[in-house]
Amino acid sequence: MVSRIDIGNAGYVELLETFGSDLTVVNAARVSFNKESTEFSDRDAGLIRYLAKHNHNSPFFHPQLRFRIKMPIFVTREWFRHTVGFARNEVSRRYVDFKPEVWIPTEFRERDPNLKQGSKNEIIAQNEAIHEIYVKTMQAALYSYDSLLEANVAPEMARAVLPQSMYTEFIETGSLAAYARLCGLRLDPHAQKEIQEFAQAIHDLLSPAFPVSWPALMQANA
Ligand SMILES: Cc1cc2nc3c(=O)[nH]c(=O)nc-3n(C[C@H](O)[C@H](O)[C@H](O)COP(=O)(O)OP(=O)(O)OC[C@H]3O[C@@H](n4cnc5c(N)ncnc54)[C@H](O)[C@@H]3O)c2cc1C
């Protein structure tokens, strides 16, 4: 089974550990009647679909997933808004001062006059010139960071000159229900394209691991 998906030049999502299966969900629900399934049956699949459809969410809290994720900070800010059901630990630039990496898009989307839409699919006409401005800005920021460190400024202060496009890495553990909620919101076309791509990676990694629960939850969270 694939455990890591690279998101172009924007980072990656790696599934480190999976606790539980569709059977875990079923048995969490069946304990209400002091019952247990030993092998997954069609009846169990029906129960999972019923639970998801009627928002009986707690059985989906039991399976847990642990990921290592690398993404630009501006995407992380949106990602970390999803709080309930997640635990996270992140690289700290108070303690590390290795060379920062920054996300450099090759194509810049045009602004959409409909504010809520964020961007159009069209690439702006002056793409090359904008790319050049962007790269120069990144180089200047990275140069400033190096200069501050060379002058013996503490990394915890020097980091303030680094841009939002800088990558960060974190370990995240969450319940199946929490990931379904996140993906429901972030696979939506109203979400920014870059976060949609990370949500898609989570979706692609969890679909084969939870073949009944995941589609049922995604339908309920659509
Ligand atoms: C397309 C899009 C655009 C967005 N735009 C903005 C924006 O412009 N500005 C901005 O600040 N945020 C924005 N957000 C973030 C959004 O407001 C949520 O913070 C984010 O989607 C996480 O939602 P969540 O329900 O998964 O939150 P979680 O914190 O994971 O909460 C999960 C659920 O727990 C319950 N819950 C959590 N906390 C409370 C509470 N205090 N009281 C009662 N119930 C609670 C709610 O049912 C909640 O849905 C945007 C999100 C999306 C998807």
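It should be emphasised that the depicted structure is a prediction, and the values quoted were computed from it without experimental measurement. (Residues numbered from 1 in each chain as written. Predicted model: local features only at pLDDT ≥ 70, side-chain atom pairs only at ≥ 80, totals over all residues. Heavy atoms only, no water.)

## A short note on the overall build of the chain
Then step 1. Within the chain one finds eight helices and seven strands.
Then step 2. Its C-alpha atoms put the chain at 65 × 40 × 30 Å along the principal axes.
Then step 3. A total of 222 residues make up the chain; the buried ones form 40% of that total.
Then step 4. Pairs at least 24 residues apart make up 71% of the contacts formed inside the chain by residues separated by at least 6 positions.
Then step 5. Taken as a whole, the chain presents about 13,100 Å² of accessible surface, with 51% of it coming from carbon and sulfur.
Then step 6. Once the 24 positive and 27 negative side-chain charges of the chain are each reduced to a mean point, those two points are 7 Å apart. (Helix = DSSP H or I, 4+ residues; strand = E, 2+ residues; numbered from the N terminus. Buried < 20%, exposed > 50% of the residue type's maximum accessible area, 1.4 Å probe, protein only. Contact = heavy atoms within 4.5 Å. Areas by Shrake-Rupley, 256 points an atom, 1.4 Å probe, with all protein chains shown as cover. Lys, Arg positive; Asp, Glu negative; His and termini not counted. Charge placed at Lys NZ, Arg CZ, Asp CG, Glu CD.)

## Considering the side chain of D22
Then step 1. Position of D22 relative to the elements: it lies in helix α1 (residues 22-30).
Then step 2. Side-chain polar atoms of D22 contact the side chain of S213, separated by 2.6 Å.
Then step 3. The residues touching D22, leaving out its near neighbours within four places in the chain, are F40, I48, F210, P211, V212 and S213. (Polar contact = N/O pair within 3.5 Å; in protein donor to acceptor, adjacent residues only side chain to side chain.)

## Notes on the environment of R186
Then step 1. Following the sequence through the fold, R186 ends up in helix α6 (residues 176-186).
Then step 2. Using a relative accessible area of 17% as the deciding quantity, one classes R186 as buried.
Then step 3. Each C-alpha atom, one on R186 and one on I130, is 27 Å from the other, the two residues being 56 residues apart in sequence.
Then step 4. Side-chain polar atoms of R186 contact the backbone oxygen of E78, separated by 3.3 Å.

## Some words on the sheet that holds strand β2 (residues 12-19)
Then step 1. Strand order in the open sheet formed by five strands is β1-β2-β3-β7-β4, and the pairing between neighbours is antiparallel. Strand pairing shows two members of the sheet lacking a second neighbour, β1 (4-6) and β4 (86-90), which therefore form its edges. Pairs of neighbouring strands in the sheet enclose a mean axial angle of 15 degrees, with direction left out of account.
Then step 2. Strand contacts of α6: β3 (64-72), β4 and β7 (167-175), with the helix running at about 125 degrees to β7, the strand carrying the most contacts. (Pairing = 2+ DSSP bridges. Axes fitted to C-alpha atoms, helices over the stretch in contact; angles between N-to-C directions.)

## Considering helix α2 (residues 42-53)
Then step 1. Under the 1.5 Å per step criterion, the end-to-end length of α2 is 17 Å for twelve residues, consistent within 8% with the ideal 16 Å.
Then step 2. Buried residues of α2: D44, A45, L47, I48, L51 and A52, and no others. Projection of α2 onto a plane perpendicular to its axis shows the buried side chains occupying an angular sector of 160 degrees, all on one side. Every exposed residue of α2 that faces more than 90 degrees away from the buried side is listed here: D42, R43 and K53.
Then step 3. Residues of α2 that are buried sit in contact with α1 and α8 (213-221).
Then step 4. Just downstream of α2 lies N55, where phi reads positive at about 55 degrees. (Expected span 1.5 Å × (residues − 1). Arc of directions from axis to C-beta.)

## A word on the side chain of E194
Then step 1. Examined against the element boundaries, E194 turns out to sit in helix α7 (residues 193-209).
Then step 2. For E194, the side chain forms a polar contact with the side chain of Q192, separated by 2.8 Å.
Then step 3. With residues up to four places along the chain from it excluded, the contact list for E194 reads F74, V75, W103 and R109.

Function cannot be inferred from these measures alone, as they are strictly geometric.
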